[in-house]
Amino acid sequence: MRFISKTLIFSLLTPVLLSSTTYSIYQGPKNPIKSATFLSESFEVGSGSIVNKAFLDIQFPRGHVGVKSFDAELVDEEGNSVPLYDTYLHHFFAIKYFIKANMSENSNDRHDPFEGFIFKRNEGMCNSYILPHYWGLGTESRGTTSKIPDPFAVEHGNPAYIPPGYQEKWLLNIMAIDTRGAQDKKGCTECRCDLFNLPKDFYNVTMGIDGKPLSPNYKGGIFCCHDGLQCKLKNGVKAPSRKLSLRYKITWVEWDEHQIPLKFYILDSTDRVRTNGTSTIHDCQAEYSIMKNGGSDYHVQKANIPMEKGGYLIYGTAHMHAGAVNATLYGQDGRTLCTSTPKYGTGKEPGNGEGYNVGMSVCYPKPGSVKINDGETLTIETRYENEFLTGVMGQMYIYVAEKLPKERITPQNNAFVLM
């Protein structure tokens, strides 16, 4: 079990199968799928403002459950979907943590707001606090399905995995950039440092992902998009402040012996994997910038990531920003496991913002057809247009099952049924 005890910084042999084709090999007893839609706490945005908030103890299905999907979008106070050209959803992360029973979550009661917390990260190999979430996307969230086929599910709330004396809870980290009235909307969404009201000593007092002062060569990314900073506006243009929330819908089943648990991995193309001779060391950067250069139409970022434990690929997609071409995951023998490609919007309505990445394709291999071996080294390649881009991301999200449903013979017709 992998825990995080540090404060969080930030805050897929067979052809590729897209989200229009899903497979379910389960024909056993049905466990009704439950569904609920929740609303995060609201937060205020104004013209050009940056919001990067963490909301503790969010609403989440209680008990021992198997989550089947988690979908989210930004909405206003009336519940209307907010278009990306008004407020850009950089990301939302749903992160699991444990807290001592009966302990107050009011950060005003403690010097360290996360004192007594134990953060439980996903199965991905990134170091420490980097990319710890179980669900999380950005602008592509409305157009990327998260549905898991039967009988697979993501198990949570198992009492056996909760430390004695603790409770399992969830937080949401939401980062949004309001670009109404911005001089350079695209630049603001890329968190280009020269477009924000950074303090004069910014590079001296701001720590990078390595824990050292940020280099003056850092041109843009999450560290220039701190909560409360402001992107430069056009003269005389200012939209009224308003309150937004993240609306998220979760579907789940009550856990029973018919569910097959999935392990969730985030593989980062910036992972600078190395070894000290006895163990593998991961050094994920989470983001990177692209400086346009001649000789190629695309910029390729690549990482070779060893998988300590393998299994059967059930679901795969990528998290990428505008300018993305695709992301591909390869097996050690060069076989393609999954390719995820973006869909770009062509209109103005929410979910179809022109020029924005509004959805990533999803791989649903037929269960059992794509196997990752124990100890296999996977290669992730993320491709962007060869142009100046800052703060881009290139991550592969994969759900892996260590086992498949068992075969049994039904008494009615002696037919094989997968259980």
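Structure: see above.
Summary of the structure given here. The numbers attached to residues start from 1 for each chain and follow its sequence in the written order. Only residues with pLDDT of at least 70 get local features here, since the model is predicted, and only at 80 or more are side-chain atom pairs given and counted; chain-wide, interface and lining totals rely on the full set of residues. With hydrogens and water stripped out, all remaining heavy atoms of the structure feed into the side-chain values.

**Thoughts on unusual backbone geometry**
Glycine aside, residues mostly have negative phi, and peptide bonds are mostly found in the trans state.
Then, number 1: The residue after Asp-150, namely Pro-151, is reached through a cis peptide bond having omega 0°.
Then, number 2: With respect to the helices and strands, Pro-151 occurs in the loop between strand E7 (117-120) and strand E8 (152-156).
Then, number 3: A positive phi angle, close to 50°, is found at Asp-57, a residue other than glycine.
Then, number 4: Its place among the elements puts Asp-57 in the loop between strand E4 (50-55) and strand E5 (65-76).
Then, number 5: Under the scheme applied here, a residue whose accessible area is under 20% of the maximum for its type counts as buried, over 50% as exposed, and between as partly exposed, the area being computed with a 1.4 Å probe on protein chains only. Its relative accessible area of 32% is what places Asp-57 among the partly exposed residues.
Then, number 6: Its identity is not glycine, yet Ala-286 carries a phi of approximately 75°, on the positive side.
Then, number 7: Taking relative accessible area as the criterion, Ala-286 reaches 0% and is therefore assigned buried. The helix and strand labels rest on DSSP assignments: H or I over at least four residues marks a helix, E over at least two residues marks a strand, and numbering proceeds from the N terminus.

**A closer look at the packing of aromatic side chains**
Then, number 1: Side-chain rings of Phe, Tyr and Trp, where Trp is taken by its six-membered ring, are said to pair if the distance between their centres is within 6.5 Å; with planes under 30 degrees apart they count as stacked, over 60 as edge-to-face, and otherwise as tilted. All chains considered together, the criterion is met by 21 aromatic pairs.
Then, number 2: Considering the side-chain rings of Tyr-218 and Phe-223, the 5.9 Å spacing of their centres and the 65° angle between planes classify their relative orientation as edge-to-face. With respect to burial, Tyr-218 and Phe-223 carry one shared label: buried.
Then, number 3: Between the aromatic rings of Tyr-288 and Tyr-384, the centroid separation amounts to 6.1 Å while the plane-to-plane angle is 85°, which identifies the pairing as edge-to-face. One end of the pair, Tyr-288, is in strand E14 (residues 288-290); the other, Tyr-384, is in strand E22 (residues 377-385), with 96 residues separating them in the sequence. Of the two residues examined, Tyr-288 and Tyr-384, each falls in the buried class.
Then, number 4: By way of ring pairs, the aromatic residues Phe-38, Phe-60, Phe-70, Phe-92, Tyr-134, Trp-135, Trp-170 and Tyr-248 are connected into one cluster.

**Digging into the sheet that holds strand E15 (residues 298-306)**
Then, number 1: The strand order across the open sheet formed by four strands is E15-E22-E17-E18, and the pairing between neighbours is antiparallel. Each edge of the sheet is formed by a strand with only one pairing partner; in this case those strands are E15 and strand E18 (336-340). Adjacent strand axes in the sheet meet at a mean angle of 15° when their direction is disregarded. Think of it this way: DSSP has to see at least two bridges between two strands before they count as a pair. Axis definition: a line fit to C-alpha positions, over the contact stretch in the case of helices; interaxial angles, taken between N-to-C directions, run 0 to 180 degrees.

**Describing the state of the cysteines**
Then, number 1: Note on terminology: disulfide denotes any pair of cysteine sulfur atoms within 2.5 Å. Across all of its chains, the model carries five disulfides by this definition.
Then, number 2: Here Cys-126 is linked by a disulfide to Cys-284, with a sulfur-sulfur distance of 2.1 Å. Residues Cys-126 and Cys-284 are joined by a disulfide whose S-S torsion is about -90°; by sign, that bridge is left-handed. Within this pair, whereas Cys-126 is found in the loop between E7 and E8, its partner Cys-284 is found in the loop between strand E13 (280-281) and E14, the two being separated by 158 residues in sequence.
Then, number 3: Residue Cys-126 is classed as buried on the basis of its relative accessible area of 2%.
Then, number 4: The buried category is assigned to Cys-284, whose relative accessible area is 1%.
Then, number 5: With a sulfur-sulfur separation of 2.1 Å, Cys-338 is cross-linked through a disulfide to Cys-363. On the sign convention where negative is left-handed, the bridge of Cys-338 and Cys-363, at about 85° about the S-S bond, is right-handed. With Cys-338 in strand E18 and Cys-363 in the loop between strand E20 (357-360) and strand E21 (371-372), this pair connects stretches of sequence that are 25 residues apart. Side by side, Cys-338 and Cys-363 carry an identical accessibility label, which is buried.
Then, number 6: When the cysteines engaged in disulfides are numbered in sequence order, the protein pairs them as 1-8, 2-7, 3-6, 4-5, 9-10.

**A look at the nonpolar core**
Across soluble globular proteins, you tend to see nonpolar side chains buried next to one another.
Then, number 1: Throughout this description, the term nonpolar core refers to a set of buried Ala, Val, Leu, Ile, Met, Phe, Trp, Tyr and Cys residues connected via side-chain atoms within 4.5 Å. If you look at the biggest cluster of nonpolar residues, it comprises 73 residues, and the most contacted ones within it are Phe-43 and Trp-135.
Then, number 2: The leading source of residues in this core is strand E9 (residues 166-178), at six residues.
Then, number 3: In this view, Phe-43 contacts Val-51, Phe-55, Leu-74, Ile-174, Ala-176, Arg-242, Lys-243, Leu-244, Ser-245 and Leu-246; residues no more than four positions away in its chain are not counted.
Then, number 4: By size, the runner-up hydrophobic cluster in this structure holds 28 residues, among which are Ile-305, Ala-318, Leu-329 and Met-396. Working rule for contacts: check all heavy atoms of both residues, and any pair within 4.5 Å makes them a contact.

**Section: the pattern of salt bridges**
Between side chains of opposite charge, pairing is possible as soon as their charged atoms come close.
Then, number 1: When a carboxyl oxygen of Asp or Glu lies within 4 Å of a side-chain nitrogen of Lys or Arg, that pair is called a salt bridge. Taken as a whole, this structure holds 20 salt bridges when the rule is applied.
Then, number 2: Two residues, Lys-169 and Asp-57, come together in a salt bridge whose shortest N-O distance is 3.5 Å. Within this pair, whereas Lys-169 is found in strand E9, its partner Asp-57 is found in the loop between E4 and E5, the two being separated by 112 residues in sequence.
Then, number 3: Given a relative accessible area of 13%, Lys-169 falls into the buried group.
Then, number 4: Of the charged contacts, one joins Arg-192 and Glu-190 as a salt bridge, the two residues approaching to 2.8 Å between their closest N and O atoms.
Then, number 5: A residue is classified by how much of its surface remains accessible, and Glu-190, at 8% relative accessible area, is buried.
Then, number 6: Residues joined by salt bridges that share partners form a network here, namely Lys-186, Glu-190, Arg-192 and Glu-387.

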